[in-house]
Amino acid sequence: MADAPQSDLYRRAEKELRNVKSIEELYKLDESSSVTRVIGCGHDDNLSALLAEDGAAILRNFVQRSIDQLAICALALRPLNVLPTDDALSRLRTVSCKDTHTDACGLPAIRPQVQKKLSKCMEEIKSSSKILADSPVTVQTNFSSELASYPSDDRISCSQSKKRKRPESFPLSRLRYLNLGEWNYNWGDRRYEKVPHAIALADRFVEVARRAHELAKEQTGEAASRPVNFDMAICNLYHLQRPSDRLGGHRDDVEEDLSLPLVTISLGAPGVFLLGGESRQDAPTAILLRAGDCMVMSGRSRKYFHGVPTVLSLDGNSACQMNGNPGDKVCCVFPELDDGGCLAKGFTGDKSTIPSLDEMEFAQAFLTTVRMNLSIRQVA
Ligand SMILES: O=C(O)CCC(=O)C(=O)O
Ligand SMILES: [Fe+2]
């Protein structure tokens, strides 16, 4: 079968997309490629409808408010305890407040020239922000699996190997994924492990995933069912500084019930989500996902190959978007926050479930340097 590699259409599209680094290049590819079909460049109605028949729904601008995007990012990062030092925070502030048209809190809108400065400042902060290796195991990250590959302390003293000395901390700039909720997904063994002292998946994430699933059902025609008990989210990070940050084609097929949906929320830089079929031989579709967009995979598409072959440079004037179409169905995730991040007067709920302005300011700068994706599911 001399032409076997040729018929791996997923791989061919993946290879082509790897070199695409901006939305303009994706537009060009859409017009010229005989390999890759693209959704997101303006003429995607037919393809979207076809995907919906397979149970896949694209919810454009689903998390439309930038403050909601910042708060989701902040809440996802919270278990890592990586708030920068006061020094770094004040440096961030001088960059983000300078020539920004500030409202009460100055958060959502960033001008392009400020965004560049902010990203630069954030890259420095990311390299110096430490995530301690021995912090309590409430969330698993790629560092947890990295640590597992180091020899135990005894073996270090035997071999005197300095090179293999267990690191005490890791910089935020190397964080690739974190697993939120009661389960750890072990990428190496492709299985879930129960996390002993886990913090349950934040209610906000459960609610946002349920709402996305409800809206997706309107597109896919999936029958009404009981609410899904979303119990885990894989949070993937793709740093713009490291073009090798991608996610190869895979299927999420080790959850207990594969009839339950996968809900994927994009934040920060835009990325290309490549959705294939049941086999790698099926022609995949490249879907441009921008900050606030959401993909829901259910029905047949739940078992489809998918991945992220490339992340694109930031478009527009912000890592957060407020550019929805009038017909978009959006979800207000933190209704108690106004657009500037201030808590509604008279709010009596639990404040600890809502990120502080400091956390959101950090998230805002962070999102100018990465694509962050939350892939929410029910494991068991
Ligand atoms: O980053 C993405 O958009 C996809 C994530 C994904 O497929 C996964 O976490 O299984
Ligand atoms: Fe996946």
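Residues numbered from 1 in each chain as written. Chains lettered and ligands numbered in written order. Predicted model: local features only at pLDDT ≥ 70, side-chain atom pairs only at ≥ 80, totals over all residues.

- Per an unreviewed UniProt entry, the recorded name for the protein is Fe2OG dioxygenase domain-containing protein, and the organism is Thalassiosira oceanica.

**A short note on the site of ligand 1**
1) Next: The local shell around ligand 1 consists of Ile234, Asn236, Leu247, Asp252, Thr264, Phe273, His306, Val308, Asn373 and Ser375.
2) Next: Split into classes, the residues belonging to the shell around ligand 1 amount to 4 nonpolar, 5 polar and 1 charged. (Near = placed C-beta within 6 Å. Nonpolar A, V, L, I, M, F, W, Y, C, P; charged D, E, K, R; others polar.)

**With respect to the sheet that holds strand S13 (residues 285-289)**
1) Next: Pairing is mixed across the open sheet formed by 5 strands, whose spatial order is S1-S13-S12-S15-S10. Both outer strands of the open sheet, strand S1 (37-39) and strand S10 (247-250), are each paired with one neighbouring strand and no more. Averaged over all neighbouring strand pairs, the angle between strand axes comes to 25°, with direction disregarded.
2) Next: Judged from the 2 bridges that link them, S10 and strand S15 (residues 306-311) form a sheet pairing that is antiparallel. The residue bridging Leu247 from the neighbouring strand is Val308, located in S15.
3) Next: Contacting S10, strand S12 (271-275), S13 and S15, helix H1 (residues 9-18) runs over the sheet at an angle of about 20° to S15.
4) Next: Relative to the sheet, helix H2 (residues 23-32) contacts S1, S12 and S13, its axis offset from that of S1 by approximately 130°. (Pairing = 2+ DSSP bridges. Helix = DSSP H or I, 4+ residues; strand = E, 2+ residues; numbered from the N terminus. Axes fitted to C-alpha atoms, helices over the stretch in contact; angles between N-to-C directions. Contact = placed C-beta atoms within 7 Å.)

**Topic: helix H9 (residues 203-220)**
1) Next: Here H9 contains 18 residues, and its C-alpha end-to-end distance of 25 Å stays within 8% of the 26 Å for a straight helix at 1.5 Å per residue.
2) Next: For H9, the full list of buried residues reads Phe205, Val206, Val208, Ala209, Arg211, Ala212, His213, Ala216 and Thr220.
3) Next: Of the residues flanking the end of H9, it is Gly221, one or two places downstream, whose phi is positive at about 75°. (Expected span 1.5 Å × (residues − 1). Buried ≥ 20, exposed ≤ 12 C-beta atoms within 10 Å, placed from the backbone.)

**Some points on the confidence of the model for the protein**
1) Next: Per-residue confidence for the protein gives a mean pLDDT of 87, with 87% of residues at or over 70.
2) Next: Here the predicted complex carries an ipTM of 0.99, next to a pTM of 0.91. (pLDDT = per-residue confidence, 0-100.)

**Observations concerning unusual backbone geometry**
1) Next: Backbone geometry places Asn61, a non-glycine residue, at a positive phi of 55°.
2) Next: Within the secondary structure, Asn61 sits in the loop between strand S2 (56-59) and helix H4 (66-77).
3) Next: Unusually for a residue other than glycine, Asn81 sits at a positive phi of about 55°.
4) Next: Tracing the sequence through the fold places Asn81 in the loop between H4 and helix H5 (86-97).

**Notes on the pairing of strand S6 (residues 177-181)**
1) Next: The buried fraction of S6 amounts to 4 of the 5 residues, a majority that puts the element mostly inside the structure.
2) Next: Both strand S4 (residues 140-141) and S6 contribute to a ladder of 2 bridges, which runs antiparallel. Among the inter-strand pairings, Thr141 is bridged to a residue of S6, identified as Leu178.

**Topic: the UniProt feature "binding site: Fe cation" (unreviewed entry) in the protein**
1) Next: Taken from the UniProt record, the annotation "binding site: Fe cation" (unreviewed entry) applies to His250, Asp252 and His306. Sequence-wise these annotated residues cover 57 residues; spatially they are packed, their C-alpha atoms never more than 8.8 Å apart.
2) Next: Position of Asp252 among the secondary structure elements: in the loop between S10 and strand S11 (262-268).
3) Next: Position of His306 among the secondary structure elements: in strand S15.
4) Next: For His306, a count of 25 C-beta atoms within 10 Å corresponds to the buried category.
5) Next: What His306 contacts, discounting residues up to four positions off in sequence, is Gly249, Phe273, Leu274, Leu275 and Gly276. (UniProt positions renumbered as here; feature names shortened; annotations may be inferred.)

**A short note on the packing of H4 against helix H10 (residues 357-366)**
1) Next: The N-to-C vectors of H4 and H10 enclose an angle of 100°; their axes lie 8 Å apart at closest approach. Relative to H10, the element H4 lies roughly perpendicular. Contact residues: H4 offers Leu70, Ala71, Cys73, Ala74 and Leu77, while H10 offers Glu359, Met360, Phe362, Ala363, Gln364 and Phe366.
2) Next: Residue classes in the contact of H4 with H10 are distributed as 9 nonpolar, 1 polar and 1 charged. (Parallel < 35°, antiparallel > 145°, perpendicular 65-115°, else oblique.)

**Examining the sheet that holds strand S9 (residues 232-239)**
1) Next: The strand order S2-S14-S11-S16-S9-S6-S4 describes an open sheet built from 7 strands, whose pairing is antiparallel. Here the strands that pair on one side only, and so sit at the sheet edges, are S2 and S4.
2) Next: Note that S6 and S9 share 5 bridges and pair antiparallel. Pairing of Asn179 across the sheet is with Ile234, part of S9.

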